[in-house]
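# Summary of structural features
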Amino acid sequence: MNDISVAWSYDRAAVTTIVNSSDIAPFVLEGEAFSAPDSPSVKYIAVYNNSALVGVFVLVQKYKFAWEIHTCLTTQCRGRDALLAGKLTLELVFGTLAISCLIANVPVCLRNAI
């Protein structure tokens, strides 16, 4: 049985590893490796499956009360697990940050990410 959980993460190395993984990079990167920035306008939520890191959500502040969210879930977190991770992430974000809007964009050139 899977046990999906989420938590705020400050481990930029772990975030960098997930985003650069073969499960994520082909869909979100355009040739350059990702390095998780250390910035107050960027926050990370780690996704765990039975205590193993299986993905991250990257939040980037766009406006005072609006953040852009990027979903980076590996193949170990798909289907029902991904839906639960998303639900838990929304509860965490709206329960702890003073925001009113999350924005998600998928460029048309990255159709595999849809």
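Note that the structure is predicted; figures quoted are calculated from it, not measured.

Right, let's get into the overall build of the protein. For the protein, the count of helices and strands is three helices and five strands. Compactness check: the protein gives a C-alpha radius of gyration of 13 Å against a globular reference of 13 Å for 114 residues, within 12% of the reference. Its C-alpha atoms give the protein principal-axis dimensions of about 35 × 35 × 25 Å. Put simply, the protein has 114 residues, and 38% of those count as buried. A separation threshold of at least 6 residues defines the contact pool for the protein, and within that pool the share at least 24 residues apart is 58%. When the accessible surface of the protein is split by element, carbon and sulfur atoms take 56% of a total near 6900 Å². Within the protein, one finds 8 positive and 9 negative side-chain charges whose respective centroids are separated by 7 Å.

This next bit is on helix α1 (residues 12-19). For α1, the complete set of buried residues consists of A14, V15, T16, I18 and V19. Considering only its buried residues, α1 is in contact with β1 (4-9), α2 (25-28), β2 (42-49), β3 (52-63) and β4 (66-73).

By the secondary structure assignment, T16 is in helix α1. Residue T16 is classed as buried on the basis of its relative accessible area, which comes to 19%. A distance of 3.0 Å separates a polar atom in the side chain of T16 from the backbone nitrogen of A36. Leaving out residues up to four positions away in the same chain, T16 has contacts with F34, S35 and A36.

Okay, the nonpolar core next. Within the largest apolar cluster, 16 residues are counted, with the highest numbers of intra-cluster contacts made by I45, V47, F57, L59, C77, A85 and V93. Contributions of two or more residues to this core are made by β1, β2, β3, β4 and α3 (80-96). In this structure, F57 is in contact with K43, Y44, I45, V47, I69, H70, T71, L73, A85, G86 and T89, ignoring residues within four places of it in sequence. Judged by nonpolar contacts, the second largest core, of eleven residues, contains I18, I24, V42 and C72.

Before going further, it helps to spend a moment on the sheet that holds β2. In spatial order, the strands read β1-β2-β3-β4-β5; together these five strands make up an open sheet with mixed pairing. In this open sheet, the two edge strands, each paired with only one partner strand, are β1 and β5 (101-103). Ignoring which end each strand starts from, the neighbouring axes of this sheet average 30 degrees apart. In the packing of α1 onto the sheet, contacts are made with β1, β2, β3 and β4, and the angle to β3 comes to roughly 100 degrees.

Bringing unusual backbone geometry into the picture now. Even without a glycine there, the phi angle at N50 is positive, about 50 degrees. Along the chain, N50 turns up in the loop between β2 and β3. Despite not being glycine, S51 has its phi angle at roughly 75 degrees, a positive value. Following the sequence through the fold, S51 ends up in the loop between β2 and β3.

Parameters at a glance
Residues numbered from 1 in each chain as written. Predicted model: local features only at pLDDT ≥ 70, side-chain atom pairs only at ≥ 80, totals over all residues. Heavy atoms only, no water. Helix = DSSP H or I, 4+ residues; strand = E, 2+ residues; numbered from the N terminus. Rg over C-alpha atoms; globule rule 2.2 N^0.38 Å. Buried < 20%, exposed > 50% of the residue type's maximum accessible area, 1.4 Å probe, protein only. Contact = heavy atoms within 4.5 Å. Areas by Shrake-Rupley, 256 points an atom, 1.4 Å probe, with all protein chains shown as cover. Lys, Arg positive; Asp, Glu negative; His and termini not counted. Charge placed at Lys NZ, Arg CZ, Asp CG, Glu CD. Polar contact = N/O pair within 3.5 Å; in protein donor to acceptor, adjacent residues only side chain to side chain. Core = buried A, V, L, I, M, F, W, Y, C linked by side-chain atoms within 4.5 Å. Pairing = 2+ DSSP bridges. Axes fitted to C-alpha atoms, helices over the stretch in contact; angles between N-to-C directions.

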